[in-house]
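# Descriptive structure summary
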Amino acid sequence: KLLNEDGVTTRVEDGELNIQIQPGWASGYKVVFPKQGDEAPAVVPADIIYTLRESPSKDGYRRAGNDLIYTTQLSLTDALCGAILPVKTLDGRTLSVGLTEVVTPSYVKKIPGEGMPIPGSSDRGALLIEFELVFPDKLNPKQRAAIRAVKM
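Residues numbered from 1 in each chain as written. Predicted model: local features only at pLDDT ≥ 70, side-chain atom pairs only at ≥ 80, totals over all residues. Heavy atoms only, no water.

### Description of the side chain of K109
Relative to the assigned elements, K109 resides in strand β9 (residues 108-111). At a separation of 3.3 Å, a polar atom in the side chain of K109 contacts the main-chain carbonyl oxygen of G98. There is a polar contact of 3.5 Å between the side chain of K109 and the side chain of E101. Excluding its chain neighbours within four sequence positions, the residues that come into contact with K109 are V97, G98, L99, E101, L127, L128, I129 and F131. (Helix = DSSP H or I, 4+ residues; strand = E, 2+ residues; numbered from the N terminus. Polar contact = N/O pair within 3.5 Å; in protein donor to acceptor, adjacent residues only side chain to side chain. Contact = heavy atoms within 4.5 Å.)

Structure below.
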């Protein structure tokens, strides 16, 4: 509602408020439009406040502050022997992540600078890759013998 020029009556008028979502804004961030609420005689218009809510990612990502957490499956062979893991980023690039270390069920690969943009800074959080190890359903006797022959 907008106050008419007579200062007593009001009229209904549609308005539009635009929000430019900035990279790095997190869930819970508030965008305030001061005094954009309904007008009335002898009343200060209220602020209109929008609170951002993040939508779940369809790409296997979730957010933790400025970091992005990505969960992917990894075969037991790749976990033990290493691999090059292609990781598609939210901005459409594909990272080739080298796994040279033994990947255990609790291991997290950290890639600095590939997380969320930090508002007011040129820095970014980290990309944290978590792994779900995929074990074979069965092994034949020859495979079992080959594994037992490896001295760890």
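### Thoughts on the confidence of the model for the protein
Across the protein, the average pLDDT comes to 89, with 100% of residues at or above 70. Across the protein, the element-wise mean pLDDT spans from 83 in strand β1 (residues 2-3) up to 97 in β9. (pLDDT = per-residue confidence, 0-100.)

### Digging into the packing of aromatic side chains
Counted by the stated rule, this structure contains 4 aromatic pairs. Aromatic pair Y61 and Y70: ring centres 4.9 Å apart, planes at 35 degrees, arrangement tilted. By relative accessible area, which is 14% here, Y70 ends up buried. (Phe/Tyr/Trp six-rings, centres within 6.5 Å; stacked < 30°, edge-to-face > 60°. Buried < 20%, exposed > 50% of the residue type's maximum accessible area, 1.4 Å probe, protein only.)

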